Amino acid sequence: MTETATATIAYSVDAGVATITLDRAAASNALNRAMKTELLDALTAIRDDNTVRAVVIHAAGKNFCVGQDLAEHVEALRADPAHAMDTVTEHYNPIVEALDAIAVPVIVAVNGACVGAGLGLALAGDIRIAGARAKFGTAFTGIGLAADSGLSASLQRLVGASRATGLFLLGGNVDAATAKDWGMVHEVVDEDELAVYAGDVARRLASGPTAAFTSVKALIRENVTAPLSEVLANEAATQRRLGASTDHAAAVEAFLAKTKPTFVGH
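The notes below deal with the structure included here.

Calculation rules
Residues numbered from 1 in each chain as written. Predicted model: local features only at pLDDT ≥ 70, side-chain atom pairs only at ≥ 80, totals over all residues. Heavy atoms only, no water. Core = buried A, V, L, I, M, F, W, Y, C linked by side-chain atoms within 4.5 Å. Buried < 20%, exposed > 50% of the residue type's maximum accessible area, 1.4 Å probe, protein only. Helix = DSSP H or I, 4+ residues; strand = E, 2+ residues; numbered from the N terminus. 1 Å grid on protein atoms, 1.4 Å probe; cavity = no way out; pocket = protein on both sides within 12 Å on 5 of 7 lines; lining within 4 Å. Points joined across faces, edges and corners; volume = space filled by probe spheres on them. Nonpolar A, V, L, I, M, F, W, Y, C, P; charged D, E, K, R; others polar. Salt bridge = Lys/Arg side-chain N within 4 Å of Asp/Glu carboxyl O.

### Considerations on the nonpolar core
Alright, step 1. Ranked by size, the top nonpolar core spans 49 residues in total, and within it Ile20, Leu22, Leu43, Val55, Phe64, Phe136 and Leu155 carry the most contacts.
Alright, step 2. Ala109, Val189, Leu194 and Ala198 belong to the second-largest nonpolar core, a separate cluster that totals 13 residues.

### Description of the environment of Thr37
Alright, step 1. Tracing the backbone shows Thr37 in helix H1 (residues 33–47).
Alright, step 2. Once the C-alpha coordinates of Thr37 and Tyr92 are considered, the two residues, 55 residues apart in sequence, prove to be 9.6 Å apart.

### Some remarks on empty space enclosed by the protein
Alright, step 1. Here the structure, examined in full by the defined rule, presents one cavity of 30 Å³ or more.
Alright, step 2. In this model, the largest cavity occupies a volume close to 40 Å³.
Alright, step 3. Every residue along the wall of the largest cavity is listed here: Leu31, Leu39, Tyr92, Ile95, Val96, Ala117, Gly120, Leu121 and Ser149.
Alright, step 4. Of the residues belonging to the lining of the largest cavity, the class tally is seven nonpolar, two polar and no charged.

### Thoughts on the pattern of salt bridges
Alright, step 1. What the rule picks out here adds up to six salt bridges.
Alright, step 2. Between Asp69 and Arg24 there is a salt bridge whose closest N-O contact spans 3.0 Å. On the criterion of sequence distance, the pair formed by Asp69 in the loop between strand E4 (54–59) and helix H2 (70–79) and Arg24 in the loop between strand E3 (17–22) and H1 is long-range, its members being 45 residues apart. The residues Asp69 and Arg24 share a single accessibility class, namely buried.
Alright, step 3. When the shortest N-O distance is used, the salt bridge between Asp48 and Arg47 registers 3.0 Å.
Alright, step 4. Given the relative accessible area of 54%, Asp48 is considered exposed.

Given below as structure tokens:
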């Protein structure tokens, strides 16, 4: 097991599961410059670590992430308004791109408030598990902004253009039960069980067919706007490659023998 702790992020890898903990609980995990930098460093380390087979992102304290640290943002506005939003291209875009570049499954465990860039971070994962008291919101238009962290695309892909537009224009929050009903989260569990449940999901995925998981993620990304002929060609090429994998052969033999397969990840 490896562990790294900085001022704002805790990061560990154990038995193929990488865990990132947002660790500014006193500030509801608001994203200041240090936290954004350290989060990007952790995501980059995961992307480059071929021992990682699943990722969990969760948060210390009562809230997952309330987005940009507005106290720091006010200082930037007062100092140089023309460049106060440079953080979008310098920090938020690279963070979302780094998440997107992680080939293995990414589970996000959401407790409490998840708004603004915090929502963008959560929706950039693959599977979201929410605590029963979680709340989701965009928050941007309430302070005269539009959207960043990929939310203008990720939110409407999950809930549809109409609901996404309503969340941006009307504001307000969506509770955990509604978020599940709308497709924003996959499971809602008791707040006290959230960390354990998310860890169990990650360990199950880490022991699964990693090559198949990464291929499914790639197909979904590639085929979202592709014409049918390209979708079918992409799927056929992927199935041909996976059909020759160790995991596929072992799983088929295990099925015939009525035993549980052991996946090695390739």
